[in-house]
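Descriptive structure summary
Given next are the chains, with one letter for each unit.
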Amino acid sequence: MLQCHVKGCNSNNFPLQLSDVEIEIQETDFNPKFLRNMLSKLEWNALVKTALEINITTLPNVLPNDLDEEFLKMLHRVLLETHIKQGQMICPNCNHTYPIKDGIPNMLLSETET
Amino acid sequence: MRLKNLESELQVVAGFDKPKIQLEQYCTTPHLAARMLYTAHTVYDDIESKVIADLGCGCGILSIAANLLDSNYNLALDIDNDALQIAKENCSEFEVDVEFILADLISTSTDHLQNKVDTIVMNPPFGTKNNEGIDIIFLKKAIEIATTSVYSLHKSSTREYIREKAKNWGVECEVLAEMKFDIPMMYKIHKKKSVDIEVDFIRFAKKSF
């Protein structure tokens, strides 16, 4: 959901590429109704691309029409239970690096970059 | 959950260690936070199973309250890493899950957040001291992002101005309550022990809903 906002970097700046990430899985309650709602809001291609960068290969390239329980459970794992503890997000256009520390992405820029 | 239970649960949320005056850091009181979320939940059904965001989350009390009322996904932004660390502590005390982002709302692009967040609940800086206009910047961003509604606190003295802005942006604006924000003496410039500020609790609704 985050994009690069370095001044002058206006195209090809989403999604940010993940690198050197440390992943943590935290289990949470499964809510199929919420997931169905969320699906209509997701940018599926961006999600698949990002997931592949952290070696999650369970997402199909094209969103299936039939949203069975198995699919929703898998989505639940990726969207709600997979947390990035540490790592970096790199802008595919200008290569600006945003660090992720203790699970919090840092989108702040220095004064010369804004 | 009943209102008084919500308020009493929120009593243990930790406030700022070293509040930063330039960021207008005042923790929303449990009294106000409970009323905001309880109203959004029981009157408008804008919390349960929804995606909620808090802009300028500070210690995270609004996100925690949303979680206690069964929001499904919480996003919280703040410009101050120290505040986010306290908020994170608070969330782990409550065993609630909130995604935090360290970001400057003024410079960060929020285009990709649009359509993903149902409801925004926030207590933005009031835009006093050297921050004139920041309350409106927060509000405008929030209205751009939220799909359904925005709940926010604003100084009662700015009511007409806010109404005018809402009209220009094409959103409904309803003052739900006039409340007192009891700000304890935290900064050297404060002369009194605590000061009550009159604030409006306002709901902004997108008209298509």
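As annotated in an unreviewed UniProt entry, chain B carries the name Methyltransferase-like protein 5 and is attributed to Rhizophagus irregularis. On record in UniProt, under Sequence similarities (unreviewed entry), the comment for chain B is "Belongs to the methyltransferase superfamily. PrmA family."

An unreviewed UniProt entry lists chain A under the name Trm112p-domain-containing protein, with Rhizophagus irregularis given as the organism. The UniProt entry for chain A carries the following comment under Sequence similarities (unreviewed entry): "Belongs to the TRM112 family."

With that settled, consider the UniProt feature "domain: Methyltransferase small" (unreviewed entry) in chain B. As annotated by UniProt and renumbered to match this structure, "domain: Methyltransferase small" (unreviewed entry) occupies residues 48-136 of chain B. Counting secondary structure, residues 48-136 of chain B comes out at 28% helix and 21% strand; the distance between its end C-alpha atoms is 27 Å.

Another point: the environment of B:S63. All names here are of chain B. With respect to the element layout, S63 can be found in helix α3 (residues 61-68). Exposure remark for S63: the 31 C-beta atoms within 10 Å place this residue in the buried category. As a C-alpha pair, S63 and V150 span 87 residues in sequence and 14 Å in three-dimensional space. Excluding anything up to four places from it in sequence, S63 contacts D54, C57, N74, A76 and V98.

Before going further, it helps to spend a moment on the interface of chain B and chain A. Counting residues at the interface gives 17 residues for chain B and 17 residues for chain A. With three residues, strand β3 (residues 99-102) of chain B is the largest single contributor of residues to the side of chain B that touches chain A. Along the lines of polarity and charge, the residues of the side of chain B that touches chain A split into six nonpolar, seven polar and four charged.

Residue and element names in this part refer to chain A. Taken together, the seven bridges between strand β1 (residues 17-25) and strand β2 (residues 82-90) define a ladder with antiparallel strand orientation. Within β2, the residue paired with S19 across the bridge is Q88. Note: β2 against strand β3 (residues 97-101), four bridges, orientation antiparallel. In the strand pairing of β3, M89 is matched with Y98. Here β2 folds back onto β3 in antiparallel fashion, the turn holding six residues, of which N95 has a positive phi close to 65°.

Residues and elements named next belong to chain B. Here seven strands make up an open sheet; going across it, the order is β3-β2-β1-β4-β5-β7-β6 and the pairing mixed. Lying at the two open borders of the sheet, with one neighbouring strand each, are β3 and β6 (171-184). Adjacent strand axes in the sheet meet at a mean angle of 20°, parallel and antiparallel pairs treated alike. Pairing of strand β2 (residues 73-78) with β3 involves four bridges; the strand directions are parallel. If you follow L75 over to β3, its bridge partner there is E99. Sitting on the sheet, α3 touches β1 (51-55), β2 and β4 (119-122), and the angle it makes with β2 is about 175°. Packed on one face of the sheet, helix α5 (residues 134-145) meets β1, β4, β5 (149-155), β6 and β7 (194-206) and runs near 170° to β5.

All names here are of chain B. L37, L62, A65, I120, V121 and A142 are the most contacted members of the largest nonpolar core, which has 67 residues in total. The element best represented in this core is helix α2 (residues 30-42), accounting for seven residues. Leaving out residues up to four positions away in the same chain, A65 has contacts with L6, L10, A33, A34 and L37.

Pairing is antiparallel across the open sheet formed by four strands, whose spatial order is β1-β2-β3-β4 (chain A). Whereas interior strands pair on both sides, the edge strands pair on one side only; in this sheet they are β1 and β4 (104-105) of chain A.

So, about the packing of α2(B) against α3(B). Residue and element names in this part refer to chain B. Interhelical geometry of α2 versus α3 gives an angle of 45° and a closest axis separation of 9 Å. Considering the angle they form, α2 stands oblique to α3. The hand of the α2/α3 crossing is right-handed. Contacts between α2 and α3 pair A33, A34, M36 and L37 from the former with I61, L62, A65 and A66 from the latter. Taken together, the residues of the contact of α2 with α3 break down into eight nonpolar, no polar and no charged.

Analysis parameters
- Residues numbered from 1 in each chain as written.
- Chains lettered and ligands numbered in written order.
- Predicted model: local features only at pLDDT ≥ 70, side-chain atom pairs only at ≥ 80, totals over all residues.
- UniProt positions renumbered as here; feature names shortened; annotations may be inferred.
- Helix = DSSP H or I, 4+ residues; strand = E, 2+ residues; numbered from the N terminus.
- Buried ≥ 20, exposed ≤ 12 C-beta atoms within 10 Å, placed from the backbone.
- Contact = placed C-beta atoms within 7 Å.
- Nonpolar A, V, L, I, M, F, W, Y, C, P; charged D, E, K, R; others polar.
- Pairing = 2+ DSSP bridges.
- Axes fitted to C-alpha atoms, helices over the stretch in contact; angles between N-to-C directions.
- Core = buried A, V, L, I, M, F, W, Y, C linked by C-beta atoms within 7 Å.
- Parallel < 35°, antiparallel > 145°, perpendicular 65-115°, else oblique.
- Left-handed = near helix turned anticlockwise from the far one by under 90°.

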